[in-house]
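# Notes for the structure review
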Amino acid sequence: MTLVAPGVVAMPSKKSEILPLTGIRGVAAMWVVIFHLFGTLAARVWLNVPEPGIVTNIVLGGSTFAVDTFFILSGYIMAETYGRQSRTMTFLLHRAARVLPLHFVVLGALAAGVGLLEYFEIYPEDESFFSWDALPYHVVLVNVWFGLQGWNGPTWSLNSEFAAYLTFPVLQVIRRRFGEAELFGLALLFVIFDFSMLATDGFKAVGLAAIGRGLFGFGAGAMLRYSTNRRPLPHWLPVVCVAVIVFIACVNAYEFAIFPTAALIVSLGGTREGVVHNVLSARIFVWLGRISYSVYLVHTPILLAASQVLRRLIVLHELHIGVLTSVVLYLLILLAMAEMTWRYVEMPARRAIRRAWEAHDC
């Protein structure tokens, strides 16, 4: 049932892209990629891997928190794009058009690849990871609810995202009925709940804890956008937020990073200049942000295939030049593939589904 009065325009408002927030998505996506890259290759391919240094620990240790950054960003951008009210079914259709086509293509390709390997009696090391019985749950993005992991691992967060999308119409109703002070208090409450869950249960990617990360992060992002209304903020505020995040990373207490990360997103939404704003608005980061969903979905299947190839190329097993070569090749292939899937799968499918819905809705 639609939560708005008849005559309300169903399309989201046409607003300019907030470039530094797009840039953050790119950074967060690559953070996850680097974690999986080094974790997979160190375990399956590389020989004589040295103990990680402090910088490596900082980078790899916070990679799971990058997904929580996605959740807050998602809520903030949805509130920015769709405003105080929108047709519920149109909103959900838009989100499905954004998320599902590439998910189906990547998971389908992964299933076809695993099936082909099994046909030639080549089986993965962890066969339970590619359980055919669990595949239907992954297709419809409910695997997290049933405690199932495997296949394209990063899609666990899509389970949480879709659960959060279902709450968005309610958040819009709250926005219309309360003032900015009450909304800001609710945003702080969501952030505190998110922190409490992370501090108690850790960065779980399965079960109700995983769903809760998405719900609280998304809710916090939406309420922060509604309560702050992108007011102009000091250009030095993002620098302070980044400095606090770096300090938290150094002491490996990433659950506390939820606070400065939320503040960073709000500050970048309200600033028009400054070092952090300008860096994240650079072309390379904005490009990575725009293809970040493709990067996020395709990086694990490519990595699984790459690890099988690299294991057979002894020259790339050794450290130094061999490791550097394998990393550079993987990243180049990944970014090229992500650009292709963004350009030829994500965007065309999104436009086609929206056009079909708009024609039907008329």
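Residues numbered from 1 in each chain as written. Predicted model: local features only at pLDDT ≥ 70, side-chain atom pairs only at ≥ 80, totals over all residues. Heavy atoms only, no water.

## A word on the overall build of the chain
Within the chain one finds 14 helices and zero strands. The helix and strand sequence of the chain, counted from the amino end, reads α-α-α-α-α-α-α-α-α-α-α-α-α-α. Carbon and sulfur atoms make up 69% of the accessible area of the chain, which totals about 17400 Å². (Helix = DSSP H or I, 4+ residues; strand = E, 2+ residues; numbered from the N terminus. Areas by Shrake-Rupley, 256 points an atom, 1.4 Å probe, with all protein chains shown as cover.)

## What about the environment of leucine 93?
Within the secondary structure layout, leucine 93 lies in helix α4 (residues 88-119). Residues leucine 93 and tryptophan 357, spaced 264 residues apart in sequence, show a C-alpha to C-alpha distance of 7.9 Å. Among residues more than four places away in sequence, those in contact with leucine 93 are Ile353 and Trp357. (Contact = heavy atoms within 4.5 Å.)

## Considering the packing of helix α3 (residues 65-82) against helix α8 (residues 208-228)
α8 packs onto α3 with a crossing angle of 40 degrees between their chain directions and a minimal axis gap of 7 Å. In terms of their interaxial angle, α3 and α8 are classed as oblique. Like other packed secondary-structure pairs, α3 and α8 cross with a definite hand, here right-handed. Between α3 and α8, the contacting residues are Val67, Asp68, Phe71, Ile72, Ser74, Gly75, Tyr76, Met78, Ala79 and Glu80 on the first element and Arg213, Gly214, Gly217, Phe218, Gly221, Ala222, Leu224, Arg225 and Tyr226 on the second. Here the contact of α3 with α8 is composed, by residue class, of ten nonpolar, five polar and four charged. (Axes fitted to C-alpha atoms, helices over the stretch in contact; angles between N-to-C directions. Parallel < 35°, antiparallel > 145°, perpendicular 65-115°, else oblique. Left-handed = near helix turned anticlockwise from the far one by under 90°. Nonpolar A, V, L, I, M, F, W, Y, C, P; charged D, E, K, R; others polar.)

## Points about the confidence of the model for the chain
Residues with a pLDDT of 70 or more make up 83% of the chain, whose mean pLDDT is 85. Taken as a whole, residues 1-13 scores under 50 in pLDDT and shows 26 contacts with residues more than four places along the chain or in a different chain. (pLDDT = per-residue confidence, 0-100.)

## Concerning the pattern of salt bridges
The tally for this structure, following the rule as stated, stands at seven salt bridges. As a salt-bridge pair, aspartate 68 and arginine 213 come within 2.6 Å of each other at their nearest N and O atoms. Linking aspartate 68 in helix α3 with arginine 213 in helix α8, this pair joins segments that are 145 residues apart in sequence. For arginine 213, a relative accessible area of 1% puts it in the buried group. Of the charged contacts, one joins glutamate 80 and arginine 230 as a salt bridge, the two residues approaching to 3.5 Å between their closest N and O atoms. (Salt bridge = Lys/Arg side-chain N within 4 Å of Asp/Glu carboxyl O. Buried < 20%, exposed > 50% of the residue type's maximum accessible area, 1.4 Å probe, protein only.)

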